[in-house]
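# A structural walkthrough
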Amino acid sequence: MAKYSPNDGLVVVNNLVKRFPIKGGILGREVASVKAISDVSFTIKKGETLGLVGESGCGKSTLGRCILRLIEPTSGEVYFGGQNVLGLNSDELRRIRRKMQIIFQDPYASLNPRMTVGSIISEPIKIHNLAQGPEVTKRVEKLLDLCGLRREAINRYPHEFSGGQRQRICIARALAVEPEFIVCDEPVSALDVSIQAQIINLLQDLQQELKLTYLFIAHDLKVVEHISNRVAVMYLGKIAEMASGDDLYRDPKHPYTKALFSAIPSANPRGKKQRILLQGDVPSPINVPSGCTFHPRCPMVRDNCKADIPALDAKAPDHLAACHYSHLVAKELGSGGTHRGSEAVVSTN
Amino acid sequence: MSTPVLEVKNLRTAFRVEGGQLIAVDDVSFSVMPGQTIGIVGESGCGKSVTSLSIMGLIPNPPGKIIGGEILYKGKNLVNLPAPEMRKIRGNEISMIFQEPMTSLNPVFTIGNQIMETIILHQKLSKADAKLKAIEMLRLVGIPAPERRVDDYPHQLSGGMRQRVMIAMALSCNPSVLIADEPTTALDVTIQAQILELIKGLREKLNMAVVLITHDLGVVAETCNYVVVMYAGKVVEQGTAEDIFFRPSHPYTRGLLNSIPAERADGDERKKGRLETIPGLVPNLLNLPKGCRFMERCKRAQPETCSKAEPALDLVGAGHKAACFFPYKEERTPGATESRAEGAAKNRAEA
Amino acid sequence: MSTISTVAAPVSSAPLGRSLWGDAWVRMKRDKIAMASLGVVIFYFLLAISVKLGLVAHNWGETVGKEYQPPSLENWKLFFGTDIFGRSVVMKTIYGAYISMTVGVVASLIAIPIGVSLGAIAGYFGGWVDDIITWFYTTISNIPGILLLLSMALVLGKGLWSINIALGVTYWIGTCRLIRGEFMKHKERDYVQAARSLGAGHTRRIFIHILPNVFHIIIINFSFLFVAAIKTEVILSYLGLGVQGVPSWGTMIDESKLELARGVWWQLTSASIAMLIVVLALNIVGDALRDCLDPKLK
């Protein structure tokens, strides 16, 4: 997989690796490691939304945090606007942190319960000296308006708000520094369905209005598909497939993607589908299988899959997949994303 | 027409909190036939979990209490049943599985022991016999090599396995009703698919009634025959799965279905539009508005009627009820948008 | 121009801007026993301040009656009788309250800042800093408490101040452990990571973010430290290592060793009851604080 050049996008990641050592024994030697991310490369263009999808242990949250250097990668390159993020010292890092922000999953844990909403949102403004005195309050009010919150929220505390409102506060806080890029780490997973829709709309509106670029991390394929231009599917620390939402849905080239799509329950009682049930559990990133990491659960595994690691190659224009037999996925596992929807249903009674 | 195995009639459960009395479940009624799966759907605070805990008699008292209604299990009223008798029913005739398999299992006992505990308690088998039964249950729920795994501790199993163990525990005494409170919410989607298939298979094999509580409409569509939609403590709509998904009458139900990112039919150009949302928030149960609880967020609300009184749960179709003064009458195609209808028509033309 | 709709007012029916502290206070007020205990503790504090200001019991040394006069109701000073020198036991007890309160406050004021600082540094920075601090307090805590106190008291000489210092310097360890654990926990929490991503440095994260969230633990810890200090002072004074030349509950109990043989029970009773009441009250307040201040128990 050819590496990307630093200017191939607003965010460029090359061969990123993150391993968490597990120490044991009397001398505290490293006895094993959690291979959270193994050799991941991708780009995100300005104004784009890249969706990152996968199940637990796939490394998607770690990836988001590594880009921001909230977790230090073990090796690899991260470029933001052409600048090498991993080589910055703490002052430069603080300055570049203005441009890249993060929204967390748990709206209850990501707000300091002892600070008022006003202090929470104005803190970044003060840290980076973006305004003084009454100008600060004006900015906070503007951000509250932008995120659909009432101005009286300034003097209230996080525990007085619901989950969806707290997430709005988090978004307002992230916007306070006027970022260009936001990592959305499962921002709607902890919210009710009707509130999810509100927040997704808000994120999309903000993206249009403020020309933002998003890395949208989630485990809910439906939501990711909706908001993203391109989607990357991760499995055990690697990207299994990456393509536009349409291509991924219409013509998945990795058996895992196919299985993931078919596992989603469809809100249509008539749409009985041919479901591909994967055997076994999601393996642990401590004991990563050899060869293609998906081979123990793959419904179309062949002999060489146990030994040869598939590269993430372009199997079609703008459509990358890491599978030796991606050309056979459609034939063996059925075509199309799933058979859900309206009349075009394959009924398996 | 067989008799329902579980009948909930006008159930009301309240909690004493700072600020007054909070009625978490307000006049909820539904019946469950043997072998049927009924889904209770709603968002946070709607009262679905409290309903299931009320049925099991697990409402902590204080601060909670069932203040009205009946829960008839095979004709016997469970409300205010003396504790020893309720204990005989719990785990034995009505079982429950919870959302978090990590915390619902005791970490210091083997999974075999935990399953055996229920069996010995209710069926009075010897330890050896109970162990054999436990192994059988583990096999039933699809755990490979059950004779070996029966001596494992919970931390040695993954999330999906632990949930299977919970199901095994719940089914060990062959209950007539299984209450599953968000059984797959904490699991990965591929594991969720496995567990749902398992529950469906077991339901058929054991002719067991299942009460499935969830906020995920997809799960409901796949597994449930009958659906009860709750909002702010009240039932706003109930009917068969077909009724709810294709003929939703209550604006809340419709809004909920429409806020799910659109399902795509084959060959459909994705429309990256805005999602239809239900504006606003769930009302504060301590400070309920007068009249319909959904009025503030409803597109169809007419303040003159909707603010005067709470709508009653009336029939809008055969076996289909909704609590609304202005229920929808039109049908709904799942994920219907203009382009989809066109796409579907194109498919039909080409077929 | 934004198409974003405004969300309705916040869900809480509580008055505007009631912080978690305000919440805790409201809940505490409802616990009648806790409020009564708090009243008792405040009363003891006021007594101690009055003694310091010379308003009462400053003349504890004057003779108010014959030696070993039993309790009588003729004079408030004779409520608990007199000791071997004819001095009022009541006044001695009140003076003892002053001593105990002082020891509680001063020992805590020495122990808590040390414990919090070291615990915060160890928990927050981890690594070799944590290793050193942990090694340090583990070593000290391996020495039996009483022996450590005794040896410090012997080194520093007898008297009130040496007790204060000895207590402060041994009791910081419990606080340090607690705070270290809390800092380790909070450091990884999302709201701190969020602050980090916004550009907040270490100082800001420690003092503005984590410390206020750990403060309630410090307060609860303070109340239990207080009790421990009072009890330990009593033991040390009983052993003759404590205050010299002024009465304290410990010295009174020490004196009563000989008195009991003569059937004189009132000095022992007075000191014990006074101590029992304040220790009980402090324990109740401490428990109530823990219940009210823990945000998770809402």
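What you see is a predicted model; the values in this text were computed from it and never measured.

## A closer look at the overall build of chain C
Check the secondary structure of chain C and you find 10 helices and 0 strands. When the helices and strands of chain C are listed from N to C terminus, the series reads α-α-α-α-α-α-α-α-α-α. A globule of 298 residues ought to have a C-alpha radius of gyration of about 19 Å, yet chain C, at 24 Å, is considerably larger. Seen through its principal axes, chain C has C-alpha atoms that stretch 90 × 50 × 30 Å. Per-residue burial over chain C gives 41% buried out of 298 residues.

## Brief notes about helix α8 (residues 189-206) of chain B
Between the first and last C-alpha of α8(B) there are 25 Å, a value that for 18 residues agrees with the 26 Å anticipated at 1.5 Å per step. Along α8(B), the residues classified as buried are B:Val189, B:Thr190, B:Ile191, B:Gln192, B:Ala193, B:Gln194, B:Ile195, B:Leu196, B:Ile199 and B:Leu202. Its buried side turned inward, α8(B) meets α9 (255-263) of chain A together with α7 (159-171), β7 (177-181), β8 (209-214) and α9 (217-223) of chain B. Immediately downstream of α8(B), the backbone of B:Asn207 shows phi near 50°, a positive value.

## Side note on the interface of chain A and chain B
Facing the 39 residues of chain A at the interface are 45 residues of chain B. Examining the composition of the side of chain A that touches chain B, we find that 7 residues originate from one element, helix α6 (residues 193-210) of chain A, more than from any other. Here the side of chain A that touches chain B is built from residues that sort into 16 nonpolar, 14 polar and 9 charged.

## Observations concerning the pairing of strand β9 (residues 226-231) of chain B
Across a regular strand the side chains alternate sides, sitting on one face of the sheet and then on the other. All names here are of chain B. Burial within β9 is extensive, with 6 of its 6 residues counted as buried. Alternating residues of β9 divide into Tyr226, Val228 and Met230 and Val227, Val229 and Tyr231, and every residue in both groups is buried. Sheet analysis places strand β3 (residues 37-41) next to β9, joined by 4 bridges and oriented parallel. By the bridge assignment for β9, Ile40 is matched with Val228. In this structure, β9 lies alongside strand β10 (residues 234-240), joined through 6 bridges in antiparallel fashion. Bridged to Val229 within β10 is Glu237. As consecutive antiparallel partners, β9 and β10 are separated by 2 residues, and within that stretch Ala232 has a phi angle of approximately 50°, a positive value.

## Considering the nonpolar core
Within the largest apolar cluster, 277 residues are counted, with the highest numbers of intra-cluster contacts made by A:Ala172 and B:Val229. In this view, B:Val229 contacts B:Val41, B:Gly42, B:Val235, B:Val236, B:Glu237, B:Gln238, B:Ile244, B:His250, B:Tyr252 and B:Thr253; residues no more than four positions away in its chain are not counted.

## A short note on helix α5 (residues 163-175) of chain A
Residue and element names in this part refer to chain A. Spanning 13 residues, α5 covers 19 Å between terminal C-alpha atoms, matching the ideal 18 Å at 1.5 Å per step. Burial within α5 is extensive, with 12 of its 13 residues counted as buried. Every buried residue of α5 is accounted for by Gly164, Gln165, Arg166, Gln167, Arg168, Ile169, Cys170, Ile171, Ala172, Arg173, Ala174 and Leu175. Buried residues along α5 sit in contact with β6 (100-103), α3 (117-127), α4 (134-146), β7 (181-185) and α6.

## Comments concerning the packing of helix α3 (residues 89-125) of chain C against helix α10 (residues 266-293) of chain C
All names here are of chain C. Between α3 and α10, the least distance of the axes is 10 Å, while the angle of their chain directions is 30°. By crossing handedness, the relation of α3 to α10 is classed as right-handed. Across the interface between the two elements, Val89, Val90, Thr93, Gly96 and Ala97 from α3 touch Trp266, Gln267, Ser270, Ala271 and Ala274 from α10. Tallied by class, the residues present in the contact of α3 with α10 amount to 6 nonpolar, 4 polar and no charged.

## As for the sheet that holds strand β8 (residues 213-218) of chain A
What holds strands together in a sheet is hydrogen bonding between their backbones, with the strands either parallel or antiparallel. All names here are of chain A. If you walk across this open sheet you meet the 8 strands as β6-β7-β8-β3-β9-β10-β12-β11, and the pairing is mixed. Lying at the two open borders of the sheet, with one neighbouring strand each, are β6 and β11 (313-316). For this sheet the average axis-to-axis angle between neighbouring strands, irrespective of direction, equals 25°. As defined by bridge partners, strand β9 (residues 230-235) adjoins strand β10 (residues 238-244) across 6 bridges and the pair is classed as antiparallel. The partner of Tyr235 across the bridge, within β10, is Lys238.

## Some details on the environment of B:Ala168
Residues and elements named next belong to chain B. Its place among the elements puts Ala168 in helix α7. By C-beta crowding, Ala168 is classed as buried, having 26 other C-beta atoms within 10 Å. Separated by 30 residues in the primary sequence, Ala168 and Leu138 place their C-alpha atoms 6.1 Å from one another. Excluding its chain neighbours within four sequence positions, the residues that come into contact with Ala168 are Ile115, Met137, Leu138, Leu140 and Val141.

## Quick notes on unusual backbone geometry
In this model, A:Glu178 sits at a positive phi of 60°, which is unusual for a non-glycine residue. Take A:Glu178: it is sitting in the loop between α5 and β7. Despite not being glycine, B:Asp27 shows a phi value in the positive range, around 65°. Following the sequence through the fold, B:Asp27 ends up in strand β2 (residues 20-32).

## A short note on the sheet that holds strand β4 (residues 64-73) of chain B
Residue and element names in this part refer to chain B. Strands sit in the order β2-β1-β4-β5 across an open sheet of 4 strands; the sheet is antiparallel. In this open sheet, the two edge strands, each paired with only one partner strand, are β2 and β5 (76-77). Two strands pair when backbone bridges link them, and strand β1 (residues 6-17) and β2 are joined in this way by 10 bridges, in the antiparallel orientation. In the strand pairing of β2, Ala14 is matched with Ile23.

## Regarding the confidence of the model for chain B
Residue and element names in this part refer to chain B. Of all residues in chain B, 91% attain a pLDDT of 70 or more, and the chain-wide mean is 84. Below pLDDT 50 for its whole length, residues 265-271 participates in 21 contacts with residues either more than four positions away or in separate chains. Note that pLDDT drops below 50 for residues 336-351; the model gives that stretch 22 contacts with residues more than four away or on any other chain.

## What to know about the packing of α3(C) against helix α8 (residues 202-238) of chain C
Residues and elements named next belong to chain C. Packing of α3 against α8 brings their axes to within 8 Å, and their N-to-C directions diverge by 140°. The pairing of α3 with α8 is recorded here as oblique in orientation. Viewed along their axes, α3 and α8 form a crossing whose handedness is right-handed. Residues Ser100, Val103, Gly104, Ala107, Ser108, Ala111, Ile112, Val116, Ala120 and Tyr124 of α3 form the contact with α8, whose participating residues are Ile206, Ile218, Phe222, Leu225, Phe226, Ala229, Ile230 and Glu233. Residue composition of the contact of α3 with α8, by class: 14 nonpolar, 3 polar and 1 charged.

## Things to note about the confidence of the model for chain C
All names here are of chain C. This prediction gives chain C a mean pLDDT of 84; 93% of its residues lie at or above 70. Segment residues 1-14: pLDDT under 50, and 35 contacts once partners within four positions in sequence are set aside and those in other chains are kept. Of the two predicted TM-score estimates for the complex, the pTM is 0.83 and the ipTM is 0.80.

So, how was this worked out
Residues numbered from 1 in each chain as written. Chains lettered and ligands numbered in written order. Predicted model: local features only at pLDDT ≥ 70, side-chain atom pairs only at ≥ 80, totals over all residues. Helix = DSSP H or I, 4+ residues; strand = E, 2+ residues; numbered from the N terminus. Rg over C-alpha atoms; globule rule 2.2 N^0.38 Å. Buried ≥ 20, exposed ≤ 12 C-beta atoms within 10 Å, placed from the backbone. Expected span 1.5 Å × (residues − 1). Contact = placed C-beta atoms within 7 Å. Nonpolar A, V, L, I, M, F, W, Y, C, P; charged D, E, K, R; others polar. Pairing = 2+ DSSP bridges. Core = buried A, V, L, I, M, F, W, Y, C linked by C-beta atoms within 7 Å. Axes fitted to C-alpha atoms, helices over the stretch in contact; angles between N-to-C directions. Left-handed = near helix turned anticlockwise from the far one by under 90°. pLDDT = per-residue confidence, 0-100. Parallel < 35°, antiparallel > 145°, perpendicular 65-115°, else oblique.

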